2 protein chains.
Amino acid sequence: MIAGSPRYLEDFHLGDRFVTAEATLSREECIAFARQYDPQPFHLDDAAAAKSLFKKLSASAWLTLAVAMRLIVESGFLRESGVVGTGTDEMRFLAPVYPGDTLHVESEVLELIPAPAGKRFGRMRIQNRVFNQDGVCVVSYIPNLSVEARPQP
Amino acid sequence: MIAGSPRYLEDFHLGDRFVTAEATLSREECIAFARQYDPQPFHLDDAAAAKSLFKKLSASAWLTLAVAMRLIVESGFLRESGVVGTGTDEMRFLAPVYPGDTLHVESEVLELIPAPAGKRFGRMRIQNRVFNQDGVCVVSYIPNLSVEARPQP
């Protein structure tokens, strides 16, 4: 993905796909994030996690989503400031994420709605899927974005 | 909310409401989070933010959601480990969140589905709304939870 020039609504097409780089979650990051934002025992403590549904220490789903956001921003897919998230639909936590897992995101343009006459922004819905190193989709979600249309000359 | 004793699916009722404590987002936390997880210029830099849709530095929506998670965990509403998030529907970013804003969460039980015969877990959907200090709902979403049913004697 070439960074730099702005990308307008008209530059996206239905079915466009992009794949981000990867990020590996360290145990330290998982525990630090959980301590600050999701202090449930099974995200913090091995003994408590052993007794939980996932049998071992797992990452907060909100950390997975935050890392996915960073990967998407760094990919350059949503470059420039003419893109604003307005919501997210159908977020599904499909499999646990563990310290040491390596994640990446695959996205696809699902829906494009032109800007109404006289308005600057149209809408785009994308399907985001976060995969781990084994090819398992751990989280899927459908962000709704408000995207600037190309300025008329 | 009394901490300690576990809470089973049967302990929740349609329309049950709870309100969390408050948390104030510092400018330092907003920028540190954005640098690590949402490095878009309008979350990092005053000059870039001034030119953005929100006119000044705003917090990442993922920080707002992470802080909401902490407030909910600390409220004790979802105590014990017999509750697992399976997804979230209809997440809407309704208003920007700025450094210095004080947030709290209000939740309501929307839907309860008993555990199928022979299964340990039923399902619960709750409506979460995050409010700022002016009473503006900044984010709303509907977590889907898998909740342990009371063990049969």
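From a predicted model like this one, the values you see are computed outputs, not experimental measurements. (Residues numbered from 1 in each chain as written. Chains lettered and ligands numbered in written order. Predicted model: local features only at pLDDT ≥ 70, side-chain atom pairs only at ≥ 80, totals over all residues.)

1. Observations regarding helix α1 (residues 27–37) of chain B
- All buried positions along α1(B) are accounted for by B:Cys30, B:Phe33, B:Ala34 and B:Tyr37. Along the axis of α1(B), the buried residues cluster in a sector spanning 100°; they form a single face. Exposed positions of α1(B) whose direction lies more than 90 degrees from the buried face are B:Glu28 and B:Ala32.
- Along its buried surface, α1(B) packs onto α4 (61–75) of chain A together with α2 (41–44) and α4 (61–75) of chain B. (Buried ≥ 20, exposed ≤ 12 C-beta atoms within 10 Å, placed from the backbone. Helix = DSSP H or I, 4+ residues; strand = E, 2+ residues; numbered from the N terminus. Arc of directions from axis to C-beta. Contact = placed C-beta atoms within 7 Å.)

2. Digging into the environment of A:Leu94
Residue and element names in this part refer to chain A.
- Looking at the element boundaries, Leu94 is found in the loop between β3 (83–93) and β4 (102–113).
- For Leu94, a count of 13 C-beta atoms within 10 Å gives the class partly exposed.
- Along the chain, Leu94 and Cys137 lie 43 residues apart, while their C-alpha atoms are 6.8 Å from each other.
- In this structure Leu94 touches Cys137, Val138, Val139 and Ser140, once residues within four positions along its chain are discounted.

3. Here we look at the relation of the copies chain A and chain B
- Overlaying chain A with chain B gives an RMSD of 0.0 Å, the required rotation being 180° about an axis along which the chain moves by 0.0 Å. The symmetry that links the two subunits is that of a two-fold axis. By C-alpha distance to the rotation axis, the residue of chain A lying nearest is A:Asp89, at 2.6 Å.
- Taken together, the interface assignments show that 100% of the residues at the interface of chain A recur at the interface of chain B, consistent with an identical surface on both copies. (Least-squares fit on C-alpha atoms with pLDDT ≥ 70 in both.)

All quantities given are derived from atomic positions and should not be read as evidence of function.
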